[in-house]
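Structural features, examined
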Amino acid sequence: MIQLKNVNKSFSTVKALDDVSLEINGGEFFGLLGPNGAGKSTTMSILIGYLAADSGNIFINGEEVKTDELNFRKEIGFVPQSIALYDELSAEENLKIFGSLYGLPKPELEEAMNSYLNAVGLYDRRKEEVRNYSGGMKRRLNLITALLHKPKVLLCDEPTVGVDPQSRNAIFDFLEKLNADGLTIVYTTHYMEEAERLCNRVAIIDSGKIIALATPDELLQMLPTSEHIYITKNDATVSNVNVFKSYGEIIDNNDRYELRLNKESKLSSFFGALENANVNVQNVTIQKPTLEELFLNLTGKRLRD
Amino acid sequence: MKTILQLVKKDYKLFLKDKVALSLTFIIPMVLIALFGAVFGGAGDFEKLSLGFVNQSSSKVAKTIETTLDTTKTFRLIKSYKNEKGETVLYDSNTIKTAVMSGKFSAAIVLPEDAFTDTSSSLKMKFYYDPKNDMESQVIQGVLQQTIMQSIPEVFTQSMQKKSESFLGKDTGKMFNSEMNKTISKYFKVDTSEIYGNMNKGTTKKSTDTTKSKKGGFNMFDNMLNLEKYQLVGKQVTNPMATRSVGGWAMMFLLFSLAGASRSLFEEKQSGVMIRLLSSPVTRTQILWSKYIYNMTVGIIQLVVLFLGGMFLFKIDIFSNFLNLMLLITASSIACTAFGMFLASFTKTSAQANGLGTLLILTMSAVGGSWFPVSMMPETIQFFSKFTITYWSIEGFLAVLWRGSGFMEILPFLGILLGIGIVVNIVSYFNFKRGNIFRN
């Protein structure tokens, strides 16, 4: 569905994209995860034909993406990072303006408008000026503006920036439903929770380079430790610290130990050892590793640095 | 085209929603035009005013007047023109009238063959003028009258002396002159020896203080000048001052409006709308054309509204030559919109466009004649004024509203304004390609 082949882009001396190659299949919910300035928005700008790549090729649904080419644009819907709406106009007026650019017949446009306004809970306030909307409402309107022409690919550039958790969840639910209905979605974010929740596959990008590309589970397996085990300090656990050490590295964090299991150690075997040592399992908390850790592990820096 | 119209429609919708922009475009200029149109009237310093001149008289008096006007610091006498073959031809009483009517200069003096003869008791002179602006017209008439009045006494005293001597004989004539001097001295409080000395020299010391001369009683010379005034142009115009002011101020506000409207490109870029537009099946060129058409039509509407305001406020007749006025309004709007687009293409931010725009607009308005008639400005400024949109628009409006010029006569104005529009647009287009409006 989408192909990027050896794409390079520089802004004066800064290399924004460095030999980026990606292949995104139809129906995928594809995540592009990286910190600010990693090259996510540049990738999006090139995908929509707003910016021209210095070199490389981009194809969407078989059509080559170029800044002066219009055909492929009918196949894509783009949700910009900023709320790209006319504040002084109503939701309905905004939708009509942007929808009309795709040459939709009036009845079709009206139907799509009403359907999407209903879907995101804005139908009753469709005649209100956007300036009176909350941040979450604006974000929802920003999203459905890209859907009126029923695109095959939805490109979302950090579409939930500055949104409260409730609205964010509503947007996620809506996007998941769209994806379930067959829409291919490319989603850039620097929130690993978003990528983990939404995406079938994730590409991690840093300094213009794709440094990892797989499903979230596959990516997590790239970490040296599979799980984090936290053990509360008390008489029973302190006296058995040497038992824990045989399963991996122990880090003393004042009120608790953190056990980083060796690759060869199994969680079941560790719990067996706890039982033998009469240590209550309630003293033990297990946390799954995150993509945040993977990013830290791969680049030595945090996603939101 | 459908896409462009959709984009134009979108811009109109936004414009109509923006109350501040609406009031800035129509109401504030209208209020200021009303205000300035009512109070405008003072003249600043000026350099030589062009004055057409034809001397058909062979009298010495006429020659003296010509020499005086030639040497004055106020006027630059224009006595000849180049014909189609490039030959220099002296104006005559007909061609000088045509020159005034066509706006080559605002006024002309014709000294006819019988300007002053042996039997004349006054100097006959014809004054043709085009009061396309009251300020200039009054200055020309005032200075002209003052200059001629200062020259008349010397030529008349000389003439009177010769007449008395030929009529009475030399000795009796001298006695008569002496008695005349005493009488003049007594009643007009002027030194006898000075009058007598000047009579003998054939000159009279010129007064540099016209106020004193008038108070001292020299108004008797008024009868010596028979000045026939002919207003050649604009007799039917009800409010000449406002006719000029409305055109001038309307142009300035048009430039401000269109420079402001072009900033919407920056605003759309900043808000992310530009990238959304470009992610849809819309080209950069279509966006630029939509902006251009929108701004140009707003400019036309603004000028029409302002001229209608001028009609209601100052009784300016805009309908007797409406079609030509509309052509000029359209050409002016095309040129001004190109200027606005140029600003947006040349600058990098909205603030830059604002600052540079204000500077250029105020300069163009001042130099181009929005505030003062260009003819009253120094020659260097007059030269530069021809490089402004304002100048060509205002002169075009004057031609249409003042002289009632037809299509062929306003064609040069239309051509220049459209030429400016086309050239500036081409430059802007290439600037946009290199600029950052369409880039990250």
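Everything here concerns the structure above.
Attention in this report is confined to the structure presented alongside it. These numbers were taken from a predicted model, which means no experiment stands behind them.

About the thresholds
- Residues numbered from 1 in each chain as written.
- Chains lettered and ligands numbered in written order.
- Predicted model: local features only at pLDDT ≥ 70, side-chain atom pairs only at ≥ 80, totals over all residues.
- Pairing = 2+ DSSP bridges.
- Helix = DSSP H or I, 4+ residues; strand = E, 2+ residues; numbered from the N terminus.
- Axes fitted to C-alpha atoms, helices over the stretch in contact; angles between N-to-C directions.
- Core = buried A, V, L, I, M, F, W, Y, C linked by C-beta atoms within 7 Å.
- Buried ≥ 20, exposed ≤ 12 C-beta atoms within 10 Å, placed from the backbone.
- Contact = placed C-beta atoms within 7 Å.
- Parallel < 35°, antiparallel > 145°, perpendicular 65-115°, else oblique.
- Left-handed = near helix turned anticlockwise from the far one by under 90°.
- Nonpolar A, V, L, I, M, F, W, Y, C, P; charged D, E, K, R; others polar.

Focus on the sheet that holds strand 12 (residues 248–253) of chain A
Residues and elements named next belong to chain A. Ordered by their spatial adjacency, four strands build an open sheet running 12-13-11-14, and the pairing between neighbours is antiparallel. For this open sheet the edge positions go to strand 12 and strand 14 (284–287), each flanked by a neighbour on one side alone. Neighbour-to-neighbour, the strand axes of this sheet turn through a mean angle of 25°, independent of strand direction. For strand 12 and strand 13 (residues 256–261), the ladder comprises six bridges, and the chain directions are antiparallel.

What to know about the nonpolar core
Side chains that are nonpolar tend, in soluble globular proteins, to be buried together. Grouped together as the largest cluster of nonpolar side chains are 144 residues, with contacts concentrated most on L155(A), V186(A), A250(B), L255(B) and F339(B). Top element by residues in this core is helix 13 (residues 322–346) of chain B. It accounts for 13 residues. Setting aside residues up to four positions removed in sequence, A250(B) forms contacts with P29(B), I33(B), L303(B), L306(B) and F307(B). Counting residues in each nonpolar core, the second largest holds 30 residues, with A99(B), F105(B), A107(B) and V110(B) among its members.

What about the packing of helix 1 (residues 2–17) of chain B against helix 12 (residues 284–314) of chain B?
Residue and element names in this part refer to chain B. As a packed pair, helix 1 and helix 12 sit with axes 9 Å apart at the nearest point and diverge in direction by 50°. One finds that helix 1 runs oblique with respect to helix 12. Note that helix 1 runs across helix 12; the crossing there is right-handed. When helix 1 is examined against helix 12, the residues T3, I4, L7, V8, D11, Y12 and F15 are found in contact with a partner set consisting of Q286, I287, W289, S290, I293, Y294 and V298. For the contact of helix 1 with helix 12, the class distribution of residues is ten nonpolar, three polar and one charged.

Comments concerning the interface of chain A and chain B
In this complex, chain A contributes 24 residues to the contact, which on the side of chain B involves 19 residues. Counting residues per element, the ones that place at least two in the side of chain A that touches chain B are strand 6 (76–79) and helix 2 (91–100) of chain A. With four residues, helix 2 of chain A is the largest single contributor of residues to the side of chain A that touches chain B. Its residues assigned to classes, the side of chain A that touches chain B shows 15 nonpolar, four polar and five charged.

Some details on the environment of D181(A)
Along the chain, D181(A) falls in the loop between helix 5 (165–180) and strand 8 (184–189). In sequence terms D181(A) and G27(A) are 154 residues apart; their C-alpha atoms lie 8.5 Å from each other.

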